[in-house]
Amino acid sequence: MHPLLQHDLDTLPEILRQACDTAVSFLETLPERSTCPPASAQNVQDEDDRLPESGIGAQAALTHFWNRYASGMSASAGPRYFGFVTGGGTPAALAADWLVSTVDQNAQLNFDTIAPAIELATVAQLKQLFGLPESLCGTFVSGATMANFVSMAIARQWLGEQRGIDVAQQGLAALGPVRVLSASAHSSSVKALSMLGLGRDALVSVATLPGTEAIDPAALEQILLSAPSVPTMVLASAGTVNTVAFDDLPALLKLREKYDFWLHVDAAFGGVAAASKRYAPLLAGWEQADSVTIDAHKWLNVPYDSALQFTQQKHLALQVQVFQNHSPYLALPAVRPDNYLHLTPENSRRFRALPVWMALKAYGRDGLAEVVDRNVALARLLGEQLTNTPGFTLLAPVNLNVVCFALDTTDSSPRALEQRNQFLKLLDNAGVVRCTATSLNGKPGMRAALVNWMTRESDIRLALDSLKACRAEV
Ligand SMILES: *Cc1c(COP(=O)(O)O)cnc(C)c1O
């Protein structure tokens, strides 16, 4: 064995203690750490892009990394990072994630590890948490992008099956064009259309209900009527990123009875609202969708990267047809909900279920519901405060946990865009709170998405103080 490997083997507990001490010091200062380190701290320093011929051992490497680069890491896991939709990691989820790397299981049905059984049990618990039926099968993937991709791949296979075509075997050309209908599809779904060979142009934009980002079911029916035999999937949103709009799923289900289409629900973060009794009704109908996406690294607060893809059991054989890693000349691999190797693009798989399983064990339904309720209450508070603060205006009512706002001077002019960008730059430099840019109805605005388990009322006050201070400067 190489002497450095031998040395590190002999001092393994010390190495792990050093990593633990480093982690603890990071987490202790997380609330004060900048939510956006300066660009100068985001560059790799000289020599660190060159391969060393000889190493320095784990402890020196850890020290080297931390001394040089701790300042380049944002407080994205902290209580005032409201940019994009960014969760943190609860203590139980974080500790479990360390163990995942330690035990290093390949989460497949290889009959040599408990990992797939725990994944199955975690999926079962999540269905109870979210009020989803047993008929849904769930699989961990790396993010909602991948969950949307997998869902649409199964939809593609189903659309072929309806017409006697096996797309997985014959290719998409045998099926021809597919129509994809959505009002406010997330950009990741559009990316998935490209990856699936369906093409970004397959997306047909459906009109929204007045003043919302939600599908107008009557407009959807018009499109369905116009060409009823075209293979069609409908991408519904359960929580859009700008205004957290929920499509009227019962209305879409009624249309599905009349016009055969695949109904996919992107509930990347909005789905987690179902953990709270108060907000669960927003998701009514999702239990009957053909497929569902839920992110775990957003509102479930497990470390990156983790999400779930759900498929109705009756479609599971189609999922295996698409994702089987097996000779097509032999029988299909067993169609079972824990045969994970044959259910998603991945072959070797991280034991992603454990952090979610541990968080559910540690905090239970009421612990996770409390995070949802608190984030929503704080988003509403932030929205009210911004409404009452000269210089700001809301671009939309606060539907749930996202505040979509703008400077009060905002119109659709290039000058307004410039001013918004200048404001966000000041806000990032201050580093107290991170909001990210968006536009709604052509107006340049900003979003604050609250999904972190640590956020409290004092964070809203600190955030507002920084927003006001930066507003005074533009
Ligand atoms: C974040 C998000 C996605 C993409 O999720 P990733 O986990 O970043 O891949 C898809 N849809 C919605 C609604 C989202 O909020």
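None of the values given here were measured: they were computed from a predicted structure.

Caption draft 1: Main features of the sheet that holds strand E8 (residues 392-394). Taking strand neighbours across the sheet as the criterion, the four strands line up as E8-E9-E11-E10 in an open arrangement whose pairing is antiparallel. Where the open sheet ends on each side, the last strands, each with one partner, are E8 and strand E10 (436-440). Across this sheet, the average inter-strand angle for adjacent strands is 45°, counted without regard to direction. Here E8 pairs with strand E9 (residues 402-407) via three bridges, running antiparallel. Bridged to Phe-392 within E9 is Leu-407. Along the sheet face, helix H13 (residues 414-430) touches E8, E9, E10 and strand E11 (443-449) and points at about 30° away from the line of E11.

Caption draft 2: View of the pairing of E9. For E9, the buried fraction is high: six of the six residues fall into the buried class. In this structure, E9 lies alongside E11, joined through four bridges in antiparallel fashion. Considered in E11, the bridge of Val-402 is made with Ala-449.

Caption draft 3: Examining the side chain of His-315 more closely. If you trace the backbone, His-315 turns up in the loop between strand E7 (307-312) and helix H11 (316-323). Dropping the residues within four chain positions of it, His-315 is found in contact with Ile-154, Trp-158, Trp-262 and Asp-290.

Caption draft 4: Quick peek at helix H6 (residues 144-162). With 19 residues, H6 should cover 27 Å at 1.5 Å per step; its first-to-last C-alpha distance of 27 Å lies within 8% of that length. In terms of residue burial, H6 counts as a mostly covered element, since 15 of its 19 residues are buried. Where H6 terminates, the next one or two residues include Gly-164, which has phi positive at roughly 75°.

Caption draft 5: View of empty space enclosed by the protein. Enumeration according to the criterion identifies five cavities of 30 Å³ or more in this entry. Roughly 50 Å³ of internal volume is contained in the largest cavity. In terms of residue class, the lining of the largest cavity is made up of four nonpolar, one polar and four charged. Taken as a whole, the second largest cavity spans an internal volume of roughly 40 Å³. Every residue lining the second largest cavity is listed: Thr-90, Val-272, Ala-275, Trp-299, Leu-300, Asn-301, Leu-368, Val-371, Val-372 and Trp-453. When the residues that make up the lining of the second largest cavity are grouped by side-chain class, the tally is eight nonpolar, two polar and no charged.

Caption draft 6: Molecular detail of the site of the ligand. As a structural note, the neighbourhood of the ligand is formed by 14 residues, with Thr-145, Asp-266, Asp-295, His-297 and Lys-298 the closest of them. Contact distances for the ligand include 2.9 Å between an oxygen atom and a backbone N or O atom of Ala-144. In the model, an oxygen atom of the ligand is placed 2.8 Å from a nitrogen or oxygen of the Asp-295 side chain. Starting from 380 Å² of accessible surface for the ligand in isolation, the protein chains cover 84%. Per-element accounting of the shell around the ligand gives the leading share, three residues, to H6. Taken together, the residues that form the shell around the ligand break down as four nonpolar, seven polar and three charged.

Definitions and limits used
Residues numbered from 1 in each chain as written. Predicted model: local features only at pLDDT ≥ 70, side-chain atom pairs only at ≥ 80, totals over all residues. Heavy atoms only, no water. Pairing = 2+ DSSP bridges. Helix = DSSP H or I, 4+ residues; strand = E, 2+ residues; numbered from the N terminus. Axes fitted to C-alpha atoms, helices over the stretch in contact; angles between N-to-C directions. Contact = heavy atoms within 4.5 Å. Buried < 20%, exposed > 50% of the residue type's maximum accessible area, 1.4 Å probe, protein only. Expected span 1.5 Å × (residues − 1). 1 Å grid on protein atoms, 1.4 Å probe; cavity = no way out; pocket = protein on both sides within 12 Å on 5 of 7 lines; lining within 4 Å. Points joined across faces, edges and corners; volume = space filled by probe spheres on them. Nonpolar A, V, L, I, M, F, W, Y, C, P; charged D, E, K, R; others polar. Near = heavy atom within 4 Å. Polar contact = N/O pair within 3.5 Å; in protein donor to acceptor, adjacent residues only side chain to side chain. Areas by Shrake-Rupley, 256 points an atom, 1.4 Å probe, with all protein chains shown as cover.

Interpretation note: all reported values are geometric properties and have no functional meaning in isolation.
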